[in-house]
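What the coordinates show
One letter stands for each residue in the lines below.
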Amino acid sequence: MFLRVVSLFLLHVCALAAIELSSATAVSEEVDASRIETSAKVFGHNLFNGSFASNTQFRYNPNYRINIGDTINVKIWGAIEIEAALTVDSQGNIFIPKVGTLRVMGTRNDELSRKLQNAIKKEFRSNVYVYADLVSYQAVSVFVTGAVNKPGLYEGLSSDSVLQFIDKAKGINAETGSYRNILILRENREVKALDLYKFMLSGDLELFQFQMGDVIVVDSVRNYLEITGDVKRPYRYELKSPYTTLGMVKKVVLPNPTSTNVIVTRWNQDNEQSAQIYKISENEELKLYAGESVEFIPDHQAQSLTINIEGEHADTHRLVVPKGTTLKELYSRIRMSPLSDSSSFQLFRKSVATQQKELISASLDDLEAKTLTTGSMTGEEAVIRKQEAALVLNFIERARKVEPKGQVVINRDTNLSRVVLENEDTIFIPKKSHMVLVQGEVQLPGAQTFVESLHFKDYIDACGGYSFRADRRQVLIIHKNGSVTPYDAGAWFAGDASVEPGDSILVLGKVDTKYLQAIKDITQIIYQIAVGAAVVIRY
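Our subject in this report is the structure included herewith.

Conventions we followed
- Residues numbered from 1 in each chain as written.
- Predicted model: local features only at pLDDT ≥ 70, side-chain atom pairs only at ≥ 80, totals over all residues.
- Heavy atoms only, no water.
- Helix = DSSP H or I, 4+ residues; strand = E, 2+ residues; numbered from the N terminus.
- Buried < 20%, exposed > 50% of the residue type's maximum accessible area, 1.4 Å probe, protein only.
- Contact = heavy atoms within 4.5 Å.
- Areas by Shrake-Rupley, 256 points an atom, 1.4 Å probe, with all protein chains shown as cover.
- Pairing = 2+ DSSP bridges.
- Axes fitted to C-alpha atoms, helices over the stretch in contact; angles between N-to-C directions.
- Patch = residues over 30% accessible without salt bridge, like charges linked within 9 Å, V, L, I, M, F, W, Y side chains within 5 Å.
- Salt bridge = Lys/Arg side-chain N within 4 Å of Asp/Glu carboxyl O.
- Phe/Tyr/Trp six-rings, centres within 6.5 Å; stacked < 30°, edge-to-face > 60°.
- Lys NZ or Arg CZ within 6 Å of the ring centre and 35° of its normal.

Once that is clear, we can look at the overall build of the protein. Of regular secondary structure, the protein possesses 11 helices and 27 strands. Evaluated residue by residue, the protein yields a buried proportion of 45% over its 539 residues. Counting contacts in the protein only where the partners sit at least 6 residues apart, residues at least 24 apart contribute 64% of the total. Split by element, the accessible area of the protein, about 28,600 Å² in all, is 51% carbon and sulfur.

Strand order in this open sheet of 5 strands is β7-β6-β10-β8-β9, and the pairing throughout is mixed. Edge positions in the sheet fall to β7 (152-157) and β9 (189-194), since each of these pairs with one other strand and no more. Sheet twist, expressed as the mean angle between neighbouring strand axes with direction ignored, is 30°. With 4 bridges joining them, strand β6 (residues 139-146) and strand β10 (residues 215-220) adopt parallel strand pairing. Across the sheet, T145 pairs through a bridge with V217, a residue of β10.

Residues W77, Y129 and Y131 make up a contiguous nonpolar surface patch of about 340 Å² in total accessible area. Take Y131: it is sitting in strand β5 (residues 128-136). What makes Y131 partly exposed here is its relative accessible area of 41%.

On the secondary structure map, V128 appears in strand β5. On the basis of relative accessibility, which here comes to 3%, the residue V128 falls in the buried class. Setting aside anything within four residues of it in sequence, one finds V128 in contact with I76, W77, A79, Q117, I120 and K121.

Bringing unusual backbone geometry into the picture now. Notably, L254 is not glycine yet its phi reads approximately 55°, a positive angle. Examined against the element boundaries, L254 turns out to sit in the loop between α5 (246-253) and β14 (259-267). Not every positive phi belongs to a glycine, and E424 is a case in point at roughly 70°. For E424, the position within the fold is in the loop between β21 (407-408) and β22 (426-429).

This part takes up the packing of aromatic side chains. According to the stated counting rule, one finds 12 aromatic pairs in the structure shown. Both rings, one in F43 and one in Y235, keep their centres 5.8 Å apart while their planes meet at 45°; by these two values the pair is tilted. Note that F43 is positioned in the loop between α1 (2-14) and β1 (71-78) and Y235 in the loop between β11 (223-229) and β12 (236-239), a separation of 192 residues in sequence. For F43, a relative accessible area of 8% translates into the label buried. Looking at Y235, the relative accessible area reads 22%, which means it is partly exposed. Ring geometry for F52 and F199: centres 6.4 Å apart, planes at 65°, overall edge-to-face. On the criterion of sequence distance, the pair formed by F52 in the loop between α1 and β1 and F199 in helix α4 (residues 197-202) is long-range, its members being 147 residues apart. Directly above the aromatic system of F165 lies the positively charged group of K168, at a separation of 5.3 Å from the ring centroid.

Moving on, we come to the environment of S161. Mapped onto the fold, S161 is located in the loop between β7 and α3 (162-168). The spacing of S161 and F208 is 47 residues in sequence and 6.7 Å in space, taken between C-alpha atoms.

The 5 strands lie next to each other as β24-β23-β27-β25-β26, forming an open sheet whose pairing is mixed. The sheet terminates laterally at β24 (446-449) and β26 (484-487), the two strands that pair on one side only. Taking the axes of each pair of neighbouring strands and ignoring which way they run, one obtains an average angle of 20° across the sheet. The pairing of strand β25 (residues 470-478) with strand β27 (residues 504-509) spans 5 bridges and is classified as antiparallel. Bridging from a neighbouring strand, L476 pairs with L506 of β27.

By themselves, these observations are geometric and do not establish any function.
Written out as C-alpha cells, the structure is:
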C-alpha cells in the first residue's frame, strides 16, 4: 500500500494538465487554475458598520414635500412681527397667528416661503416679508426586510436615507444580499428602485422621502463575478445582467498599470473547470458571464515563473525564469556554497501538496463513514463500539489538521530535463549533514551523529529503545532526497537496514483497536501523513 501511495503521488507530479484554449483571441499557454483564489469579500462589505445608523442629519432637500408632523420655523416682519415654530397638524395645516389656517401638506420645500408669503399678502398687502425654514422632519417607522442581517421595524425621520435604515438592520447579508436591487414599497406598490453601486463608486445617492409604513426590500443577489489579482479593487461584484464586458469591468476594478492579461476561469454544467488567458488590450469587448472568476495578472506572471530557493546555497532566494523552464536548467543556475549537499536537493510543489491533502481527506472521509455506520450485535459490543468510535473520530479530527509538504521525490535516475517547473515551486538545498534523526515511538527521540560502523539497531538503542506504543513492523527510513524505505524491524529474518548520514528514522505506533478494518484504514492514513508531512500522528 505504501509503495502504491508513493507511486500515485509521483504520477500526479509528472502529469501536467494542458488547458485547451478555444477562443481565437486567447493566448496559447498552459494555465494553472489553482492559482485563482476566490475573493473572500464582496464589493461594499464595509459599507454598513453602524456609522449611518448612529447619525441623523437635517439636510436641505428642495424636493421634500411637507408632511404631517414636520416643524416649520416662520418669521414675519414689516407690517406685523411674528416668529413661531409651527407643527403641521393631522389635517396637513399650520396655524399662523393674525393670518389663519394654511394648508401646507404636499408643498415642496423650495416653494414653502413663496406659498406662505402669498397667503399672508392676502391679509397684509404691503410692507410684509416672510421667511420659512423646515427645521424638523416627520418621525416615521419603516420596515426593512429581505437579505439583511436583522430584518425589522425601525424608527427614523422621513428625510433619512435608505443607507440609514439598512444600517439599522445591521447591513446587507454579504453572502446572499443584493447591493444593486433594493426596492421601496408603499401600500404594496413599488415606488423606488435603488442601486447602491452608484453611491459606492461615485457618491451619487438619490434622496427619497419616506412615509410611515414604507417597506425596504433588499433582494437576493442573482449574478456575480469574482475579480482577483493585480487590481485596486479585488472583490466579488454583482452584475445587473447575466454578463458584462471586460471593458466595463476595468472601469470598476481599476487594474494596476502592470496588468496586461486576464485569466478567466469557467465552469460548465457538469462542474468541469476550464481556464483561458486573454490579453487585456485586445479584448475590451470580451463577454464575462456570471459565476466566472477573473484574475488580472502582469505580463511577467503570464510568461514567467517565480521559483523559491531555500536552504544552504549562495544565491538569491527567488528566481524568475521563463515558463517551460526545466528543473535541470534551473538547477544549473543555482550557486552552491561549500556546505551545500547538492546531490540531495528537494522539490516542493503546491499542487502536489493539494493532491496529498485530497488523498488524506478522502481516506479520512471513508474511515469516518465506516466508523459511524458500524453495527453491534449485543449491548456490550455497542458500548465498546461507542468508545472506539470516539477514539477514531478524535484521530480523524487531528489528522485533518495536518498539512502535507508537497515534496516531489527526485530519484537517482530521474531525467531532470523532463521535469517542467510550476509557478511558486520551492527548491530546497540541504546542508551537508553527518546526523541521523530518530523520531516517533522511541523513548528519547532526537538527533545523533552518524557513525559508519553503527547499525540500525544501534541508533534505536541510543534513543533508549522502542516505546511501548512502537510498531516495530512499521518503520520508515526517510532519505535526504525525500525518498522513503519501509523497514520491518520485527521480522525474525529482517536484515540490517541501510542508514546514511542525513537520513531520518521514523518509528510508527501501533493501532490499538479490535475493529480489523479500522486497523488497515488508520495504518494507511498514518503512512500517508508520515510520507506527505514527515510527522507521526498517534491514534
